[in-house]
There are 2 protein chains.
Amino acid sequence: MSESYIAIDWGSTHLRAWLYRNGQCVDNLQLPYGVSRLAEQTAREVFDKYIAPWRKQEAIPVVMAGMIGSDAGWQPVPYLACPVPLDELSSRLFEVAENVWIVPGLRTEQDVMRGEETQLLGAMQLSPASCYVMPGTHSKWVQVANNAVNDFATAMTGELHHILINHSLIGKGLPEQRDDSAAFAAGLQSGLESPALINKLFAARATRVLGDLQPESVSEWLSGLLIGAEVATLRGDTTQVTLVGGESLCRRYRQALTDAGIQAGEIAGDTAFQQGIRSILDARH
Amino acid sequence: MSESYIAIDWGSTHLRAWLYRNGQCVDNLQLPYGVSRLAEQTAREVFDKYIAPWRKQEAIPVVMAGMIGSDAGWQPVPYLACPVPLDELSSRLFEVAENVWIVPGLRTEQDVMRGEETQLLGAMQLSPASCYVMPGTHSKWVQVANNAVNDFATAMTGELHHILINHSLIGKGLPEQRDDSAAFAAGLQSGLESPALINKLFAARATRVLGDLQPESVSEWLSGLLIGAEVATLRGDTTQVTLVGGESLCRRYRQALTDAGIQAGEIAGDTAFQQGIRSILDARH
């Protein structure tokens with residue numbers, strides 16, 4: 001077992017890193033240099049400047065997951081094709097410098113992921129289920145059997161919410177938004193009833209004009225609509241899932257899943273990620 | 001019959017006006033001063049500067065339709081509630097200056113329109129049907145019986161295409177887009193098969209990453225997907241429609257409707273608008 005190592009979750013917008021010594025996390029940092037925001041630097045330069053000093057003279061293992069393995073990152077790492085047993089991840093790491101490794105992402109015929117595979121590996125150990133829901137900018141619904149990822153699908157829920165509020169007529173001229181559980185629940189119900197969004201999105205505008213939706217609550221209503229549509233679209237015959245993510249988003253998804261009659265366990269995304277990295281390193285020794 | 005008048009289609013982004021004398025269109029203009037782009041001017045000031053000179057000393061009638069009747073326009077004009085016979089429009093005009101009139105928009109319990117009602121009135125005379133499809137930024141599907149508008153629904157198709165290409169990961173880093181009827185047809189088929197968009201939008205990204213969609217054809221594929229989803233969502237049991245709109249958009253919708261087994265007549269949006277205005281004026285004399 002590797003007692004000293006560095007774990008890095010290096011996504012599109014941010015890099016987060018944790019330094020472990022003797023099995024304990026002794027330092028961590030978060031930087032705004034995701035692979036889409038490297039600006040003038042290469043990923044290697046960011047690594048040398050901020051991460052390498054943690055290693056001192058030793059080449060302690062560094063395991064990175066996420067968009068750092070895309071063509072915008074350090075080096076493109078081929079996807080592993082589903083179905084794939086996740087215990088293969090440890091033997092399919094891609095070395096980009098001495099003892100510096102990138103975890104490969106996964107693909108299906110039509111979809112791709114990078115980073116979630118590492119969270120999944122951890123979540124499968126800590127909270128076993130046949131379906132994992134990973135809410136976020138691009139939510140993933142992952143089907144698992146016999147420790148292998150069989151299939152997954154991505155919903156653009158978080159990004160769609162962001163661009164509709166910030167760039168469409170729905171968000172135009174809105175006052176500051178507030179928490180509104182009733183508006184969220186109303187949107188949720190609409191999305192769960194039928195996930196055909198294209199005619200419902202305009203309702204966020206029309207019902208506001210008609211006075212049936214408070215302008216301060218549009219963001220909540222839209223969040224409910226989109227999450228409801230996601231659950232209605234991707235649930236299939238699922239009756240039980242494990243949610244993997246941050247607390248606030250998981251709370252919204254828990255309500256959606258409950259309303260849809262789906263039982264949900266939960267594990268924090270960071271916890272799942274740390275367990276995934278550790279498990280990959282353990283398997284190499 | 002009014003032989004001399006001014007017709008104005010005054011929307012969010014543009015104002016288009018036509019001067020008729022003795023039944024003939026003798027002048028027209030297009031200005032970038034839609035109600036969301038009035039900048040420092042009021043609608044009245046734009047009118048006085050660009051339209052009033054056409055009237056000379058006579059107060060020839062001016063009939064305006066569109067967002068000019070919204071709270072961002074000249075003056076808010078109440079919506080007429082559906083079902084509403086469109087021959088009522090002529091008696092429900094709203095006067096904002098001497099012989100200067102705004103056509104009221106329509107509403108249902110959940111939806112609103114401003115401007116399309118005038119096109120509809122013209123289209124109902126020139127190309128009778130029980131369902132009108134008006135493609136655009138916010139496409140309208142309108143149900144008509146006995147010359148009354150019973151119901152309508154709005155799909156955010158055009159705006160969704162715009163913000164996805166310009167503000168989401170789907171459009172990020174795309175090269176110049178090209179015409180690609182095969183990509184359009186593939187997107188169309190996907191949208192028609194099932195209008196649940198939330199998981200299909202990411203496919204525009206994933207299939208590009210996987211090499212199954214050419215980066216130059218993303219816009220066409222997405223256009224097909226969204227139009228297909230619109231038709232699948234809003235067609236109900238419709239088997240025959242009249243399309244009202246511009247030539248290029250109508251061509252796309254005609255293909256979608258044909259693929260869905262719906263017969264489509266067609267009338268140009270401008271023709272329908274001119275007929276609508278003329279019909280409103282005729283009814284007042």
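Just so you know, these numbers come straight off a predicted model, no measurement behind them. (Residues numbered from 1 in each chain as written. Chains lettered and ligands numbered in written order. Predicted model: local features only at pLDDT ≥ 70, side-chain atom pairs only at ≥ 80, totals over all residues. Heavy atoms only, no water.)

## Description of the sheet that holds strand S13 (residues 148-155) of chain B
All names here are of chain B.
Point 1. In spatial order, the strands read S6-S13-S12-S11-S14-S15; together these six strands make up an open sheet with mixed pairing. Strand pairing shows two members of the sheet lacking a second neighbour, strand S6 (84-85) and strand S15 (263-268), which therefore form its edges.
Point 2. Pairing between S6 and S13: two bridges, direction antiparallel. Paired with Val-84 across the two strands is Val-149, which belongs to S13.
Point 3. Set on the sheet, helix H7 (residues 247-259) makes contact with strand S11 (131-134), strand S12 (139-145), strand S14 (240-245) and S15; between it and S14 the angle comes to about 160°. (Pairing = 2+ DSSP bridges. Helix = DSSP H or I, 4+ residues; strand = E, 2+ residues; numbered from the N terminus. Contact = heavy atoms within 4.5 Å. Axes fitted to C-alpha atoms, helices over the stretch in contact; angles between N-to-C directions.)

## Thoughts on helix H1 (residues 43-55) of chain A
Residues and elements named next belong to chain A.
Point 1. The end-to-end C-alpha separation of H1 is 17 Å, in line with the 18 Å expected for 13 residues at 1.5 Å each.
Point 2. Every buried residue of H1 is accounted for by Ala-43, Val-46, Phe-47, Ile-51, Trp-54 and Arg-55.
Point 3. For H1, the secondary structure elements touched by its buried residues are strand S1 (5-10), strand S2 (15-21), strand S3 (24-31), strand S4 (62-65) and strand S8 (100-102).
Point 4. Of the residues trailing H1, Lys-56 is marked for its positive phi of about 50°. (Expected span 1.5 Å × (residues − 1). Buried < 20%, exposed > 50% of the residue type's maximum accessible area, 1.4 Å probe, protein only.)

## Regarding the domain arrangement of chain A
Point 1. For chain A, the assigned domains are domain 1 (5-114) and domain 2 (155-267).
Point 2. Put simply, the middle of domain 1 of chain A and the middle of domain 2 of chain A, counted by C-alpha atoms, are 32 Å apart. (Domains from an automatic or database assignment.)

## Quick word on the nonpolar core
Point 1. Core analysis: the largest hydrophobic core is formed by 82 residues, its most contacted members being Leu160(A), Leu201(A), Leu160(B), Leu164(B) and Leu201(B).
Point 2. Those residues within four positions of Leu160(A) in sequence are excluded, and the remaining contacts are Leu197(A), Leu226(A), Leu160(B), Leu164(B), Ile198(B) and Leu201(B). (Core = buried A, V, L, I, M, F, W, Y, C linked by side-chain atoms within 4.5 Å.)

## Quick notes on the sheet that holds strand S4 (residues 62-65) of chain B
Residues and elements named next belong to chain B.
Point 1. Spatial strand order, S3-S2-S1-S4-S8-S7: six strands in an open sheet with mixed pairing. Lying at the two open borders of the sheet, with one neighbouring strand each, are strand S3 (24-31) and strand S7 (94-97). Strand after strand, the sheet turns through a mean of 20° between neighbouring axes, direction not considered.
Point 2. When S4 meets strand S8 (residues 100-102), the two strands line up parallel, connected through three bridges. Directly across from Met-64, in S8, lies its bridge partner Ile-102.
Point 3. With respect to the sheet, helix H8 (residues 269-283) is in contact with strand S1 (5-10), strand S2 (15-21) and S4, its orientation differing from that of S1 by roughly 130°.

## What to know about the side chain of Gln119(A)
Residues and elements named next belong to chain A.
Point 1. Inspection of the secondary structure assignment puts Gln-119 in helix H2 (residues 116-126).
Point 2. Within the structure, the side chain of Gln-119 is placed 3.2 Å from the backbone oxygen of Gly-269, a separation counted as a polar contact.
Point 3. Excluding anything up to four places from it in sequence, Gln-119 contacts Met-134, Val-244, Gly-269, Ala-272 and Phe-273. (Polar contact = N/O pair within 3.5 Å; in protein donor to acceptor, adjacent residues only side chain to side chain.)

## Describing the relation of the copies chain B and chain A
Point 1. Overlaying chain B on chain A yields an RMSD of 0.0 Å, the required transformation being a rotation through 180° with an accompanying axial translation of 0.0 Å. The transformation relating the two chain copies, once decomposed into turn and shift, fits a two-fold axis. Distance from the rotation axis, computed per C-alpha, reaches its smallest value in chain B at Ala196(B): 2.4 Å.
Point 2. Looking at the interface residues of chain B, 100% of them are also at the interface in chain A, so both copies use one shared face. (Least-squares fit on C-alpha atoms with pLDDT ≥ 70 in both.)

## As for the interface of chain B and chain A
Point 1. Each partner contributes to the interface: chain B provides 42 residues, whereas chain A provides 42 residues.
Point 2. Across the chain B to chain A interface the summed buried area is about 3200 Å²; carbon plus sulfur atoms make up 74%.
Point 3. Of all residues in chain B, Ile198(B), Phe202(B) and Leu210(B) bury the most surface against chain A, accounting for 23% of the area lost on that side.
Point 4. At the junction of chain B with chain A, the criterion picks out zero salt bridges.
Point 5. Where chain B touches chain A, the interface holds five residue pairs in polar contact (both at pLDDT 80 or more).
Point 6. Of all elements in the fold, only S13, helix H3 (157-167), helix H5 (201-209) and helix H6 (218-234) of chain B reach the threshold of two or more residues within the side of chain B that touches chain A.
Point 7. Considering only residue class, the side of chain B that touches chain A consists of 22 nonpolar, 11 polar and nine charged. (Buried area = accessible area lost by both parts, 1.4 Å probe. Salt bridge = Lys/Arg side-chain N within 4 Å of Asp/Glu carboxyl O. Nonpolar A, V, L, I, M, F, W, Y, C, P; charged D, E, K, R; others polar.)

## A short note on the packing of helix H2 (residues 116-126) of chain B against H8(B)
Residues and elements named next belong to chain B.
Point 1. Close contact between H2 and H8 brings their axes to 6 Å; oriented N to C, the two are set at 95°. In terms of their interaxial angle, H2 and H8 are classed as roughly perpendicular. When H2 is examined against H8, the residues Thr-118, Gln-119, Leu-121, Gly-122, Ala-123, Gln-125 and Leu-126 are found in contact with a partner set consisting of Gly-269, Thr-271, Ala-272, Phe-273, Gln-275, Gly-276, Ile-277, Ser-279 and Ile-280.
Point 2. For the contact of H2 with H8, a count of residues per class yields seven nonpolar, nine polar and no charged. (Parallel < 35°, antiparallel > 145°, perpendicular 65-115°, else oblique.)

## What to know about unusual backbone geometry
All names here are of chain A.
Point 1. The omega angle of the peptide bond from Cys-82 to Pro-83 is 0°, so this bond is cis rather than trans.
Point 2. As for its placement among the helices and strands, Pro-83 is situated in the loop between strand S5 (80-81) and strand S6 (84-85).
Point 3. Here Asn-99, not a glycine, exhibits a phi torsion of approximately 60°, which is positive.
Point 4. Secondary-structure assignment places Asn-99 in the loop between strand S7 (94-97) and S8.
Point 5. Owing to a relative accessible area of 23%, Asn-99 belongs among the partly exposed residues under this scheme.
Point 6. For Asn-146, which is not a glycine, the phi torsion comes out positive at approximately 50°.
Point 7. Within the fold, Asn-146 resides in the loop between strand S12 (139-145) and strand S13 (148-155).

## Overview of the pairing of S2(B)
All names here are of chain B.
Point 1. For S2, a buried count of six out of seven residues is recorded, marking the element as mostly surrounded by other parts of the structure.
Point 2. As paired elements, S1 and S2 share six bridges and run antiparallel to each other. Looking at S2, one finds that Asp-9 is bridged to Arg-16.
Point 3. Counting the residues between successive antiparallel strands, the hairpin from S1 to S2 contains four residues.
Point 4. Bridge analysis of S2 against S3 gives seven bridges, and the strand direction is antiparallel.

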